[in-house]
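Structural characterization, general
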Amino acid sequence: VPAGALTALVGPNGAGKTTLLRLAAGLLQATGGTLHVLGIDMIQAMRIQLSLVAAIGMAFQYLTLRVLGLRMLAAMLLICVLATSASVLTWFTLVESYAYTFTAFSIALYILVTARERQWGIGHWGGVIGLSFAITMSNVVVAGLAAWQALGLRRVLRAGALALAAVFVLAIAQRLIFPLSGIFFLPSAFGGEASFMVGLSLERLRELFTLVVYGSFVFPYVSQLSGGTVTMLRTQGARFDWDTSSILCVLLLSFLFVLGIAQLFRRFGPSCKQAMSGKPAMADDLATTLAFPVLGGLAFLFALHSVYGKETFLYTGSFLPLLSILLALGLRSAWVRRLGLAVALLAVLVMGNVTHNLPRFTAASALLHKAAAQPLPE
């Protein structure tokens, strides 16, 4: 969707936000099963739906970046950095839930940064929390922290109750329509999750930090594991095929992350105080509004995946919207603005992603196609 059309739809002062949210919801409603009824193959219908989901997420990312003060060219280039990242290339091209989580978090962050212009109601936040919750239970924490910052504790509990009720009704309806589907938040559904737990160790923490902070953007080294007729690809070693483009991207990412997280750390105290006060998120400084939910969300996701998930690379899409905020704040820092480096830094990151990530993604895809051509085991 052209960024100019989105800007025109939303308006210079945020007018038409509800229209944009309704448009996003309508696009999702109109795909999937409807496309299948119209005669489109189910797999192709899912590909179309995932493309729309990813596009909606990127659109809300763009709008959030604009509210944060990035110029149109810089915001578009940062979207290009996300779109060519290792995480998006790998996981947004599969029929899986990762693009949905990215989009849910992007919508939550957009509503949060525009809260000072328009006080979003409990219904809006209940919808965002419900959307996040409907994808996976752990998503509630990240969306809930953003809602807490905007609404205060008492009102966020009401929004959470509304989200729980809505998701419960939808889950029951799904079970009635599709009897073989499960209700994912019942205790009986947690039995299989224990198999994905891992032991906490320094090596695990190193892998987690490296894969999330750098592997989300720069394609990590893919190792091929063979067990009889079964072939698996893994990136858990958190290593990289170092070349000029990947080294440059890692250095630039480190520079921007340090600048961005420094701004949030400086404002974390006032941000927490604001969240605990129970008042709406009306701080003039957006970094203060974002410090508590962004740092809190990152801390929660790091803590969760330090013990959950045997392949950390799977979950990088959950971190991307929060990491995007850090990059945006880094680009808006005094050092970068004073020298006018934002566009140049982002252009280098895009070129680094293209030259490093695309060949490695193609090679990994070729390995998977080769493995898929083998006869299936008994």
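Notes on the structure follow. (Residues numbered from 1 in each chain as written. Predicted model: local features only at pLDDT ≥ 70, side-chain atom pairs only at ≥ 80, totals over all residues. Heavy atoms only, no water.)

**Focus on the overall build of the protein**
- When you go through the protein residue by residue, the secondary structure sums to 17 helices and 2 strands.
- Taken across its 378 residues, the protein has 47% of its residues classed as buried.
- Pairs at least 24 apart in sequence give 75% of the contacts found in the protein among residues at least 6 apart.
- Summing over all exposed atoms, the protein offers an accessible surface of approximately 18000 Å²; the carbon and sulfur share of this is 69%. (Helix = DSSP H or I, 4+ residues; strand = E, 2+ residues; numbered from the N terminus. Buried < 20%, exposed > 50% of the residue type's maximum accessible area, 1.4 Å probe, protein only. Contact = heavy atoms within 4.5 Å. Areas by Shrake-Rupley, 256 points an atom, 1.4 Å probe, with all protein chains shown as cover.)

**Considering the packing of aromatic side chains**
- Enumeration according to the criterion identifies 12 aromatic pairs in this entry.
- Both rings, one in Phe217 and one in Phe257, keep their centres 6.2 Å apart while their planes meet at 55°; by these two values the pair is tilted. Of this pair, Phe217 sits in the loop between helix 11 (202-213) and strand 1 (223-227) while Phe257 is found in helix 12 (residues 244-266), placing the two residues 40 residues apart along the sequence. Considered together, Phe217 and Phe257 belong to a single accessibility category, that of buried residues.
- Between Phe302 and Phe319, the aromatic rings sit 5.2 Å apart at their centres with planes inclined by 65°, giving edge-to-face as the arrangement. With Phe302 in helix 14 (residues 286-305) and Phe319 in helix 15 (residues 316-331), this residue pair connects regions lying 17 residues apart in the sequence.
- Residue classification places Phe302 among the partly exposed positions, given a relative accessible area of 23%.
- Given the relative accessible area of 1%, Phe319 is considered buried.
- Of the aromatic side chains, those joined through ring pairs into one cluster are Trp91, Tyr98, Phe219 and Phe313. (Phe/Tyr/Trp six-rings, centres within 6.5 Å; stacked < 30°, edge-to-face > 60°.)

**Things to note about helix 8 (residues 122-135)**
- Across its 14 residues, helix 8 extends 20 Å between first and last C-alpha, which sits within 8% of the 20 Å expected from 1.5 Å per residue.
- Structurally, helix 8 contributes buried residues whose contacts are with helix 7 (98-113), helix 9 (139-151) and helix 10 (153-177). (Expected span 1.5 Å × (residues − 1).)

**Overview of a nonpolar patch on the surface**
- A cluster of nonpolar residues, Phe168, Val169, Ile172, Leu176, Ile177 and Phe178, forms a patch on the protein surface that exposes about 640 Å² of accessible area.
- Structurally, Leu176 can be placed in helix 10. (Patch = residues over 30% accessible without salt bridge, like charges linked within 9 Å, V, L, I, M, F, W, Y side chains within 5 Å. Salt bridge = Lys/Arg side-chain N within 4 Å of Asp/Glu carboxyl O.)

**Some details on the packing of helix 7 against helix 9**
- Helix 9 packs onto helix 7 with a crossing angle of 5° between their chain directions and a minimal axis gap of 9 Å. Our classification of the angle between helix 7 and helix 9 gives roughly parallel. Contact residues: helix 7 offers Thr101, Phe105 and Leu112, while helix 9 offers Asn139, Val142, Ala143, Ala146, Gln149 and Ala150.
- Looking at side-chain class alone, the contact of helix 7 with helix 9 contains 6 nonpolar, 3 polar and no charged residues. (Axes fitted to C-alpha atoms, helices over the stretch in contact; angles between N-to-C directions. Parallel < 35°, antiparallel > 145°, perpendicular 65-115°, else oblique. Nonpolar A, V, L, I, M, F, W, Y, C, P; charged D, E, K, R; others polar.)

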